[in-house]
Amino acid sequence: MNNSIHIKNLSFAYGKDIILNDVNMSFPEGKLSVILGRNGSGKSTLFNIIAGLEKKYNGSVLIGETDRRDWKVGRANSLKLGFLNQFHQTTFPFSVVDVILTGRASFSRFSPSKEDFEAVEQILDRFNLTHLKDKPYTSLSGGERQLVLLCRVLVQQPDLLLLDEPTNHLDLNYQIAVLQTAKELVKEGTTVLCVMHDPNMAYFFGDQFYLMKDNRLVDLHGLEQEQVRELLEQTYQLPLISLENQKKWMFVPMLGADRAFDTIAGSAHNAETKIEMNTP
Ligand SMILES: Nc1ncnc2c1ncn2[C@@H]1O[C@H](COP(=O)(O)OP(=O)(O)OP(=O)(O)O)[C@@H](O)[C@H]1O
């Protein structure tokens, strides 16, 4: 089954607040597509719509050729969608193993088998988290919780994976481990959509890049690095310097810029000059 995503004339509002305004975009199958954008720009709303959690939208979302609204969850041959969203609250102290096992519910129909337990052990081992397995989820640190939730999504073996800020709370080692895992899944054929805040991590690991801006999604594919830098500067209201790291694009804030906003307003973008000026 085709697991590309096609968004057509998608609009969504909370009351009078327009969040998404006639968004048209396709996310290719078997790629890691990264969505950047300011806080509150509508990225999670878009994910909630794709995941089927938000239904009051205009326009259509197609997964493969099937409209999201016609998609029946739980059919034996249906596509599996994994969604790591930003907020997960629980007050009940389930053990880590039990939290991850809930990700296998569609396999086990709530009666976990030996394979389900093995899958949980494997994913814990993959992230060196076995020592946490019997701990109550509520006693974990923020980063440990994030990793457990990620394990819970990955253990579903999704065909389509939505990751909303998967590196939240994670140290650098785990940020890389999580994004490398996403890349490995892509190699195995999973379609991954990932909201990220760090453009450098995005360009290091992503295949396709999009920017949520002015209630629309901008496809950054085909733009030159300097065009992307300008768009990011406008979006984040920060002067940036374009660099390369191992042939991947980087965008670094121009620090020492008490004149940060002046620099953008005056559109003076000679990075070399600015670096010299800021060197003691
Ligand atoms: N349930 C809700 N009711 C009303 N407004 C909401 C609701 N959920 C989100 N919003 C608003 O919709 C806008 C988009 O929110 P959304 O969570 O999609 O942004 P985001 O791009 O994911 O932000 P962030 O990067 O901070 O996670 C925000 O202004 C937010 O305040």
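Sequence positions are assigned chain by chain, starting from 1 and proceeding in written order. Local features in this predicted model are restricted to residues whose pLDDT is 70 or higher, and side-chain atom pairs enter the listing and the counts only when it is 80 or higher, whereas totals over whole chains, interfaces and linings include all residues. Here the side-chain values reflect all heavy atoms present in the structure, with hydrogen atoms and water set aside.

You'll find the protein chain entered in an unreviewed UniProt entry as ABC transporter ATP-binding protein, with Sphingobacterium paramultivorum given as the organism. UniProt positions are given in the numbering used here, feature names are shortened, and annotations may be inferred rather than shown by experiment. According to its UniProt record, the protein chain has this under Function (unreviewed entry): "Part of the ABC transporter complex HmuTUV involved in hemin import. Responsible for energy coupling to the transport system."

(A) Representation of the overall build of the protein chain in the model. Numbering of helices and strands runs from the N terminus; a helix is a DSSP stretch of H or I covering at least four residues, while a strand is a stretch of E covering at least two. Of regular secondary structure, the protein chain possesses ten helices and twelve strands. By the burial criterion, 47% of the 280 residues in the protein chain qualify as buried. For the protein chain, the share of sequence-separated contacts (at least 6 apart) that also reach a separation of at least 24 residues comes to 65%. Summary of the burial criterion: residues with accessible area below 20% of their type's maximum are buried, those above 50% are exposed, and those between are partly exposed, where the area comes from a 1.4 Å probe applied to protein chains only. The contact criterion used throughout is that any non-hydrogen atoms of two residues lie within 4.5 Å.

(B) Representation of the pattern of salt bridges in the model. Between Lys or Arg on one side and Asp or Glu on the other, a salt bridge is scored when a side-chain nitrogen of the former is within 4 Å of a carboxyl oxygen of the latter. All told, the structure shown has eight salt bridges when counted by the stated rule. Between Lys133 and Glu121 there is a salt bridge, with the nearest N and O atoms lying 3.1 Å from each other. Remark: Glu121 occurs in helix α4 (residues 114-126) and Lys133 occurs in the loop between α4 and α5 (142-154); sequence separation between them is twelve residues. For Lys133, a relative accessible area of 23% translates into the label partly exposed. In this structure, Asp214 and Lys213 form a salt bridge, with 3.5 Å as the shortest nitrogen-oxygen distance. Residue class for Lys213 comes out buried when judged on its relative accessible area of 19%. A cluster of three or more residues bridged by salt bridges with shared partners is formed by Glu226, Arg229 and Glu233.

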